[in-house]
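Coordinate inspection notes
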Amino acid sequence: MSDALLQHLLAGLTAAPPVALCVAFSGGPDSTALLHALARLPEARARGLRALHVDHGLHPDSGRWARHCRNFCAALALPCDVLRVQVDTGKGAGLEAAAREVRYAALAAQLSEGEWLLLGHHRDDQAETVLLKLLRGAGPDALGGMHALRPFGDGQLWRPMLGCSRQQLRAYVDAHQLEVIDDPSNTDTRLARNHLRREILPRLLQHWPQAVDSILHSAMLSRAAAEALRVSWTTALEDLQDPLGDSLDAKGWLALKPALREPLLDHWLHARGLPAPTTAQRRQIEFQCAARPGRMPCVRWAGAELHIWKGRLWALPPELAIDPEWQASWQGEPLALPDSGTLALTDIDARLIAPLRLRLRRGGERIKPAGDAHTRELRDLFQQALLPPWRRAACPLLYAGDELIAVADRWMTERGAAFFDLAGSRPRWQPGR
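These numbers were taken from a predicted model, which means no experiment stands behind them. (Residues numbered from 1 in each chain as written. Predicted model: local features only at pLDDT ≥ 70, side-chain atom pairs only at ≥ 80, totals over all residues. Heavy atoms only, no water.)

1. Considerations on the sheet that holds strand 20 (residues 427-430)
How we decide: DSSP calls a pair of strands paired once it identifies at least 2 bridges connecting them. Segments assigned H or I by DSSP are reported as helices when at least four residues long, segments assigned E as strands when at least two residues long, and all are numbered from the N terminus.
Ordered in space as 12-13-20, the three strands form an open sheet in which the pairing is antiparallel. Looking at which strands have only one partner, the edges of the open sheet turn out to be strand 12 (335-336) and strand 20. Alignment of strand 13 (residues 342-345) against strand 20, held across four bridges, turns out to be antiparallel. If you follow Leu-345 over to strand 20, its bridge partner there is Pro-427.

Structure below.
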């Protein structure tokens, strides 16, 4: 078994470009077999083989596990860095998803330019992934399972053991008498993957011994179908999104066939750093696309919210709580706004002759823009300028004393124009979220 694993990894290294290698090392059986086998291959050591261990701090023994990983790597004469993270479960995504998100973010941040991060996922993990995606109503792309190689951070994420079974890796660990970490969370069947692995798959295999092979064959066909569909929906995406990619034409998106509509939306969301919706939330988005004119539907899920406004889809991170009483003094230096946006001068070295007072909308504000014969309500100006409603609450208003002289970088009075002319620069507003 050990020779089989070594030969498998050597074949993968031979086919891969000569890039630096880094193993995500949990200390469990799978990553232990991967790291130990690679350490026996001169071809891997020649690529600067190293390890990263993520300490989630979720178990009292996590510190001991980190020390084990360091000691294991030291015995192999390999460097090992421990990344300590905090798992935020307040986003409603669940413990598994929250831990995975923070772990992948920490690993991506440590990856060097062009380096490949190796994970210990194997063919049984792949079968579990496909089944979980199926139970969640996924389409062909997700049912294709985990990618063997995909972009990640400044490099690539590589799963070189997707062709190996869990049994092969356990046999390798036993043959070399390797000490591994026994994380008790792996036996907690309240977690979806553990329940599937320990309760469901064994029963399936009793009746269908070839179940894993069949699942992986279906995954291969789904991946091929997804790649064929990608050609069509990427062309549609170019037509539906605005030049900046900030929004999609709702009517055009809804007119697509589901096989194109769903992966297009997921890709667009992921490109903006947002998670995809569930099947039920996706149906709600489709339903709200037909909302009456004048309404502003919003569909929310963990980590994202999608607005339907002016016939277009707009996706954002969850809304931040903004204090309407927020104020600040500003003389032109880059200033962080309550929605994580910024206000600065176009000339970053310029400064105003006197500080201005900044605050947010409280209702009823009016301004007479330079060159305009009339005083306008901000509400009307925002509507005419098609400023999205979710950006209006955090739009900075600039006051000289009690007089409103500018609204971000959108409108300013004659006094405001003269004020900024003295500084030789103009305000520049970069909205948040």
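2. Observations concerning the UniProt feature "binding site: ATP" (unreviewed entry) in the chain
As a reminder, the rule being used: UniProt positions are given in the numbering used here, feature names are shortened, and annotations may be inferred rather than shown by experiment. Buried residues are those whose accessible area, probed at 1.4 Å on protein chains only, stays under 20% of the maximum for their type, while exposed residues exceed 50% and partly exposed ones sit between those limits.
UniProt tags Ser-26, Gly-27, Gly-28, Pro-29, Asp-30 and Ser-31 as "binding site: ATP" (unreviewed entry). One can find Gly-27 in the loop between strand 1 (21-24) and helix 2 (29-39). Residue classification places Gly-27 among the buried residues on the basis of a relative accessible area of 0%.

3. Quick look at the nonpolar core
Stated precisely, the cut-off is as follows: As used in this record, nonpolar core signifies buried Ala, Val, Leu, Ile, Met, Phe, Trp, Tyr and Cys residues forming a set joined through side-chain atoms within 4.5 Å. Whether two residues touch is decided by their heavy atoms; if any such pair falls within 4.5 Å, the residues are in contact.
Core analysis: the biggest nonpolar cluster contains 36 residues, and Leu-5, Leu-35, Leu-38 and Leu-49 have the highest contact counts within it. At the level of elements, helix 1 (2-15), strand 1, helix 2, helix 4 (62-75), strand 4 (116-118) and helix 8 (166-175) are the ones that each hand at least two residues to this core. The biggest single contributor to this core is helix 2, with six residues. With residues near it in sequence (within four places) discarded, Leu-38 still touches Leu-9, Leu-13, Val-23, Ala-44, Leu-49 and Leu-118. Judged by nonpolar contacts, the second largest core, of 34 residues, contains Ala-328, Leu-387, Leu-397 and Phe-420.

4. Some thoughts on helix 12 (residues 258-271)
Worth spelling out the cut-off: Here the expected span of a helix is defined as 1.5 Å times the quantity of residues minus one.
With 14 residues, helix 12 extends 20 Å from end C-alpha to end C-alpha; this agrees with the ideal 20 Å at 1.5 Å per step. When we look at burial in helix 12, the residues that qualify are Leu-260, Arg-261, Glu-262, Leu-264, Leu-265, Asp-266, Trp-268 and Leu-269.

5. Section: the environment of Asp-55
What counts, and what does not: Residues adjacent in sequence count toward polar contacts only when both atoms are side-chain atoms; beyond that, a polar contact is any pair of N or O atoms within 3.5 Å, and within protein one must be able to donate a hydrogen and the other to accept it.
By the element assignment, Asp-55 lies in strand 2 (residues 50-55). A relative accessible area of 7% means that Asp-55 is categorised as buried. Taking C-alpha positions, Asp-55 is 37 Å from Cys-298, a pair spaced 243 residues apart along the chain. Side-chain polar atoms of Asp-55 contact the side chain of Ser-62, separated by 3.0 Å.

6. Things to note about the packing of aromatic side chains
This is how the line gets drawn: Aromatic pairs are defined between Phe, Tyr and Trp rings, using the six-membered ring for Trp, whenever the two ring centres lie within 6.5 Å; interplanar angles under 30 degrees are classed as stacked, those over 60 as edge-to-face, and all others as tilted.
Tallying each qualifying case throughout the model produces eight aromatic pairs. Seen from their ring centres, Trp-116 and Trp-158 are 5.3 Å apart, and the 75 degrees between their planes marks the pair as edge-to-face. Here the residue Trp-116 occupies a position in strand 4, and Trp-158 occupies one in strand 6 (residues 155-158), the gap between them amounting to 42 residues. By relative accessible area, Trp-116 is classed as buried at 8%. Classification of Trp-158 by relative accessible area gives buried; the value is 10%. Their ring planes at 75 degrees and their centres at 6.0 Å tell us that Phe-419 and Phe-420 sit as a pair that is edge-to-face.

7. Quick notes on the pattern of salt bridges
Side chains carrying opposite charge are able to pair once their charged atoms draw close together. Selection criterion: Salt-bridge detection follows one rule: a side-chain nitrogen of Lys or Arg within 4 Å of a carboxyl oxygen of Asp or Glu.
For the structure shown, the criterion picks out 32 salt bridges. A salt bridge links Glu-403 to Arg-415, with the nearest nitrogen and oxygen atoms 2.5 Å apart. Pair noted here: Glu-403 is in strand 18 (residues 403-407) and Arg-415 is in helix 16 (residues 414-423), with a separation of twelve residues, a long-range link. The exposure class of Arg-415 is partly exposed, given its relative accessible area of 44%. Each of the salt bridges in this network shares a partner with another, and the network as a whole consists of Arg-261, Glu-262, Asp-266, Arg-282, Arg-283 and Glu-286.

8. A short note on the side chain of Asp-372
Mapped onto the fold, Asp-372 is located in the loop between strand 15 (366-367) and strand 16 (376-377). For Asp-372, a relative accessible area of 19% translates into the label buried. Here the side chain of Asp-372 touches Arg-376 through a polar contact of 3.1 Å, side chain to side chain.

9. Regarding the packing of helix 6 (residues 123-135) against helix 10 (residues 211-240)
We apply this condition: Here an axis means a line fitted to C-alpha atoms, over the contact stretch when the element is a helix, while the angle between two N-to-C directions is reported on a 0 to 180 degree scale. Orientation is classified from the angle alone, with under 35 degrees giving roughly parallel, over 145 giving roughly antiparallel, 65 to 115 giving roughly perpendicular, and any other angle giving oblique. Crossings are classed by handedness, with left-handed meaning an anticlockwise turn of the near helix from the far one by less than a right angle and right-handed meaning a clockwise turn. Three residue categories are used. Nonpolar comprises Ala, Val, Leu, Ile, Met, Phe, Trp, Tyr, Cys and Pro, charged comprises Asp, Glu, Lys and Arg, and polar comprises the others, including Gly.
Interaxial distance between helix 6 and helix 10 falls to 9 Å at its minimum, and their mutual angle equals 65 degrees. When the axes of helix 6 and helix 10 are compared, the pair comes out roughly perpendicular. Between helix 6 and helix 10 the crossing geometry is left-handed. Here Arg-123, Asp-124, Gln-126, Ala-127, Val-130 and Leu-131 of helix 6 lie close against helix 10, whose contacting residues are Val-212, Asp-213, Ile-215, Leu-216 and Ala-219. Across the contact of helix 6 with helix 10, the residue classes tally to seven nonpolar, one polar and three charged.

10. Here's the deal with the environment of Ala-228
In this fold, Ala-228 is placed in helix 10. Along the backbone, Ala-228 and Phe-420 are 192 residues apart, and their C-alpha atoms lie at a distance of 55 Å.

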